[in-house]
Amino acid sequence: MKIRYYLLDNPVTPDPNDRRAQVSGYEVVTEKELFEYITRAGSAITPAEAKANYEEIIGALEFFLRQGYGVNTEFINIRPLIPGVFRSDDDKFEHGRHRIKFSARLGRRYNRTADDVKVEKIAAPSLLPLPATFEDVASSTVNDALTPGGVASLTGIRLRFSQDDPQQGIFLIDSAKKEYRVERILSHTGTQVVFQLPAGLAPDEYALEVRVLLKGNKDLKTGVLTDRLTV
């Protein structure tokens, strides 16, 4: 299997000819497929042993994270974060206004694995909004976390929409398919939108969609951020 990508304008560099790659979807595997691979024909590990060892590893990570540690292994690196606004130098951590989150990155073993992945260039979709980079200001993360009520920035292509039209805009969709529309836009261009996230986002994983009605079109066009975002 190859990772498919297409090229977009790169707004970060001053050269107008520069482009950046956008991954065009990918298949995912779940724990079920992982266990099937571990216990494939010829393996000396039974499904029960695989699941037991998996639970031990996950439990060990959870134990140390609960103690306030970060975790650095060749598989994964995890560090704690404290999103939220502190009102002054004398302000203290308060549940409800502040929270603990963890930022996770793949370790060096998987970074080496990336060198072996095959890629395939494809044509870019036409006339669709293309959200590419979501930055959550409170947590200082990119394409990762959501901070309810916090400020965020979305960059991409064809992001211009009419906020007065309730069908258009930025939408967050949770795992139960409930939609939350972004109501407060702070600044807005065709390549960047700065906005305030809905305050009522519950802990979950969210898809981000940009819905626009392009000039001369009667049907909405929808662009989806490749990564899922987590509260």
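Check the entry above for the structure.
Residues numbered from 1 in each chain as written. Predicted model: local features only at pLDDT ≥ 70, side-chain atom pairs only at ≥ 80, totals over all residues. Heavy atoms only, no water.

Participant: Looking at this structure, how should I read the nonpolar core?
Facilitator: As a rule of thumb, soluble globular proteins bury nonpolar side chains together. Judged by nonpolar contacts, the single largest core of 22 residues is most densely connected at Phe134, Leu146, Leu154, Ile170, Leu172, Phe195 and Leu208. Secondary structure elements with two or more residues in this core: strand E9 (151-157), strand E10 (169-173), strand E13 (192-196) and strand E14 (205-212). Setting aside chain neighbours within four positions, we find Leu154 in contact with Pro131, Thr133, Phe134, Leu159, Ile170, Thr191, Gln192, Val193, Phe195, Leu208, Val210 and Leu225. (Core = buried A, V, L, I, M, F, W, Y, C linked by side-chain atoms within 4.5 Å. Buried < 20%, exposed > 50% of the residue type's maximum accessible area, 1.4 Å probe, protein only. Helix = DSSP H or I, 4+ residues; strand = E, 2+ residues; numbered from the N terminus. Contact = heavy atoms within 4.5 Å.)

Participant: Teacher, can you tell me more about the sheet that holds strand E3 (residues 71-72) here?
Facilitator: In a beta sheet, neighbouring strands are held together by backbone hydrogen bonds and run either parallel or antiparallel to one another. Read from one edge of the open sheet, three strands run E3-E4-E5, paired in antiparallel fashion. Across the chains shown, the open sheet's two edge strands, defined by having one partner strand only, are E3 and strand E5 (101-106). By the bridge criterion, two bridges tie E3 to strand E4 (residues 76-81) in an arrangement that is antiparallel. When the bridges of E4 are listed, Val71 appears paired with Ile78. (Pairing = 2+ DSSP bridges.)

Participant: Explain the pattern of salt bridges here, please?
Facilitator: For side chains of opposite charge, pairing can occur when their charged atoms come near one another. Under the criterion given, the structure shown has seven salt bridges. The partner of Arg181 in a salt bridge is Glu183, with the nearest N and O atoms 3.1 Å apart. The shortest N-O distance in the salt bridge between Arg211 and Glu209 comes to 2.9 Å. Each of the two residues, Arg211 as well as Glu209, counts as buried. When salt bridges with common partners are traced through the structure, they connect Glu179, Glu209 and Arg211 into a single cluster. (Salt bridge = Lys/Arg side-chain N within 4 Å of Asp/Glu carboxyl O.)

Participant: Just to check I follow, could you spell out the pairing of strand E12 (residues 184-188) for this structure?
Facilitator: Regular strands place side chains that alternate from one sheet face to the opposite one. When E12 meets E13, the two strands line up antiparallel, connected through four bridges. Among the inter-strand pairings, His188 is bridged to a residue of E13, identified as Val193. From the end of E12 to the start of E13, which pair antiparallel, there are three residues.

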